[in-house]
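Chain residues, written in single-letter form:
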Amino acid sequence: MNPDQGKAVQTDCECDDAYTLGPLQMGPPCCDPEPVIQVEDLSLQYSGKTALQKVTLDIYRGCITALIGPSGCGKTSFLSAINRLTDLIPACQVDGRIRVDGRDIYDSACNVQALRRQIGMVFQKPAPFPLSIRRNITLPLREHGITQRLTVESITEQVLRDVGLWNEVCDRMDTAALSLSGGQQQRLCIARALALSPQILLMDEPCSALDPIASGVVEDLISRLSGHYTIVIVTHNLAQARRIANYAAFFWVKERAGQLVEFGHCRDIFESPTHELTAAYVNGIRG
Amino acid sequence: MFDVFAINRWQYYRELLVQLIIYILVLLVSAVFIWLLFDLTRGGLAHLSWEFLTESPRDAGRAGGIGSILVSTLLILLVALFVAVPLAWTTAALLSEFVPTTSQFGMTVRFSLQVLAGVPSIVFGLFGNAFFSIYLGLGFSILSGGLTLACMLLPILVSTAEAGLRAVPQSYRLSAAALGLSRTATLFQLLLPAAAPTLAAGLLLGIGRAVAETAALLFTSGYVDRMPGSLLDSGRALALHIFDLSMNVPGGDTPAYASALVLVVLLLSINIMAMKLAYGLQRKRIMSV
């Protein structure tokens, strides 16, 4: 018997390469600077030690904003303050104000679960749940009240297509998500976040745990997402930031506390930085 | 010049010696168990029969079987687990998920459980007798025995479950929170399934301890070896039966051997079963929808 026959039967579901987000656009079109996240005087302390000092920054709708800077300058802390993941860290104190769509998210009336549904997050290390591939996506959907089987199925397929994973996993949706490769796991995590149709995506070095090829796939994906989502991405890969971001924010450690040094159009930060620290960092002299 | 091909004799013999000692110690530990099992089988296997397992004891246990004893043991165990497991697992979830590690409340609960774990079982027996049997008026009954055992099982069940929950990677909690899952959903959908093997292992330890318990049941569930009619009847547990046969009944050695063999085989099979169950559950959870 021909060994290929068995395979052909297995992949009779519709596995194809069609993306739903359209073809890849290099150099995303520049967007109207309409702030969607407004950060004012944000300070963050872990057990009394300041990690982030008085950061004021606007994140613009539909754009990719890259946060760059050396390790320990508070980029990740900044990110977790935006979706209030800091609530989970004991002895973490947040001061200042963050407004998303004009509403203060540290207000006691803010529904944190609804907020986090609106603001998706992707972590540095791929962290799929120890469940099947399918359940990784359906579990959050069901928890947010989307229980109709057809809807759940179509969203699952849609987001997996969006991240280009559908043709790789459509015939083994019920196998363990942890059996996927690192790059696939990370794309599954992005799909899981997209399934809740968030407005904003926070990405904490999404490519740093991946090999260059997987990293390239995820990077293309992020470019494709721009315009559809507001993306804030932390990255240590300056070339990557330069390729995909519209805006860049440069953080630096001063007196053991992270501070925002410069914020502006990505091109300006890289080509004509106003601050000498920024110039030194992006040119690889310091940091 | 440093010669990489030279064999350092002293190092070589030392490696060999350490390995040998480790092997001998491991063999010694296993030998204790094997010798025990062998001795029990030699002394009790001939006495084992279907009648022995189903009939009630006669002539203080010299004749007849252990049917009623097995039923009493099972009932005591069920009462204990029914009360202790929900209490222990909710306490563990509270301690690991809802209370900061360093909080005064958590520390107090943990400390009291540690103290409880160190209390000798005879003290539990006296407490059970004073509180359940006399104060609450349950008398010498399966219910008071089961409740006393539940108190004894709490520390071990809580500490294993808490350790299991804490061992679940923090990344699951962060990812779940970032997806807007509630803490309850995270607990039930992710953390408890991920901790299931540890929970099962803790449950096993608990069952093992409960089945083998003697002293705590002496003053609470009593000596009566008849078939229990209700939870308020006195019932003799298996371990207590063995104790009674070997200490108080002249000529009760053979049935004591047989009962001990049944107890050990029971413990072994519970262990194997629960291990398989936990493994299967975990697999199913990952594989299915």
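All values reported here derive from a predicted model rather than from experimental measurement. (Residues numbered from 1 in each chain as written. Chains lettered and ligands numbered in written order. Predicted model: local features only at pLDDT ≥ 70, side-chain atom pairs only at ≥ 80, totals over all residues. Heavy atoms only, no water.)

Engineer: In this structure, what is going on with the overall build of chain A? I would like to understand it.
Structural biologist: When you go through chain A residue by residue, the secondary structure sums to 11 helices and 10 strands. Looking at the 287 residues of chain A, the share that counts as buried comes to 52%. Within chain A, contacts between residues at least 6 apart in sequence are counted, and of these 70% link residues at least 24 apart. As presented, chain A carries roughly 13,000 Å² of accessible surface, and 47% of it is formed by carbon and sulfur atoms. (Helix = DSSP H or I, 4+ residues; strand = E, 2+ residues; numbered from the N terminus. Buried < 20%, exposed > 50% of the residue type's maximum accessible area, 1.4 Å probe, protein only. Contact = heavy atoms within 4.5 Å. Areas by Shrake-Rupley, 256 points an atom, 1.4 Å probe, with all protein chains shown as cover.)

Engineer: Hey, could you run me through the pairing of strand β10 (residues 257–265) of chain A in this one?
Structural biologist: Working note: regular strand, side chains alternate between the two faces of the sheet. All names here are of chain A. Strand direction decides the pairing type here: strand β9 (residues 247–254) and β10, joined by 8 bridges, are antiparallel. Within β10, the residue paired with Phe251 across the bridge is Leu260. Adjacent in sequence and paired antiparallel, β9 and β10 are bridged by 2 residues, among which Glu255 carries a positive phi angle near 50°. (Pairing = 2+ DSSP bridges.)

Engineer: Could you clarify how one ought to interpret the domain arrangement of chain B in this entry?
Structural biologist: Frequently, the measure chosen for interface size is the accessible area that the parts lose on association. Residues and elements named next belong to chain B. What the domain assignment reports for chain B is domain 1 (2–47) and domain 2 (51–288). Here domain 1 and domain 2 have C-alpha centroids that lie 33 Å from each other. Contacts between the two partners involve 10 residues from domain 1 and, on the opposite side, 9 residues from domain 2. Across the domain 1/domain 2 interface, buried area totals approximately 850 Å², and carbon plus sulfur atoms make up 78% of it. (Domains from an automatic or database assignment. Buried area = accessible area lost by both parts, 1.4 Å probe.)

Engineer: Help me understand the nonpolar core in this model?
Structural biologist: Judged by nonpolar contacts, the single largest core of 60 residues is most densely connected at Ile68, Leu160, Ile190 and Ile231 of chain A. In terms of residue count, helix α7 (residues 182–195) of chain A provides more of this core than any other element does, 6 residues in total. Apart from the residues lying within four places of it in its own chain, the contact partners of Ile231 of chain A are Cys63, Ile64, Thr65, Leu201, Met203, Ile222, Leu225 and Ser226 of chain A. In terms of nonpolar packing, the next biggest core, distinct from the first, is built from 48 residues, Leu113, Ile142, Val211 and Ala258 of chain B among them. (Core = buried A, V, L, I, M, F, W, Y, C linked by side-chain atoms within 4.5 Å.)

Engineer: What am I meant to see in the side chain of Thr86 of chain A here?
Structural biologist: Tracing the sequence through the fold places Thr86 of chain A in the loop between α2 (75–82) and β4 (92–100). Those residues in contact with Thr86 of chain A that lie beyond four places of it in its chain are Leu44, Ser77, Ser80, Ala81, Cys92, Val94 and Tyr106 of chain A.

Engineer: Looking at this structure, I do not really get helix α7 (residues 170–178) of chain B. What am I missing?
Structural biologist: Residue pairs three or four apart in sequence face the same way in an α-helix, which turns once every 3.6 residues. Burial in α7 of chain B covers these residues: Tyr172, Arg173, Ser175, Ala176, Ala177 and Ala178 of chain B. Where the residues of α7 of chain B are buried, they touch α3 (112–118), β6 (119–122) and α7 of chain A together with α3 (67–98), α6 (142–167) and α8 (183–211) of chain B. Just beyond α7 of chain B, the residue with positive phi is Gly180 of chain B, at close to 80°.

Engineer: What is the right way to look at the interface of chain B and chain A in this model?
Structural biologist: With 20 residues of chain B in contact, the opposing surface of chain A contributes 26 residues. The junction of chain B with chain A conceals about 2,100 Å² of combined surface from both sides, 68% of it contributed by carbon and sulfur atoms. Inspection of the chain B/chain A interface yields 0 salt bridges. Run the count over chain B and chain A and you get 3 residue pairs in polar contact (both at pLDDT 80 or more). Those elements that place two or more of their residues in the side of chain B that touches chain A are α7, α8 and α11 (253–287) of chain B. In the side of chain B that touches chain A, the residues fall into 12 nonpolar, 6 polar and 2 charged. (Salt bridge = Lys/Arg side-chain N within 4 Å of Asp/Glu carboxyl O. Polar contact = N/O pair within 3.5 Å; in protein donor to acceptor, adjacent residues only side chain to side chain. Nonpolar A, V, L, I, M, F, W, Y, C, P; charged D, E, K, R; others polar.)

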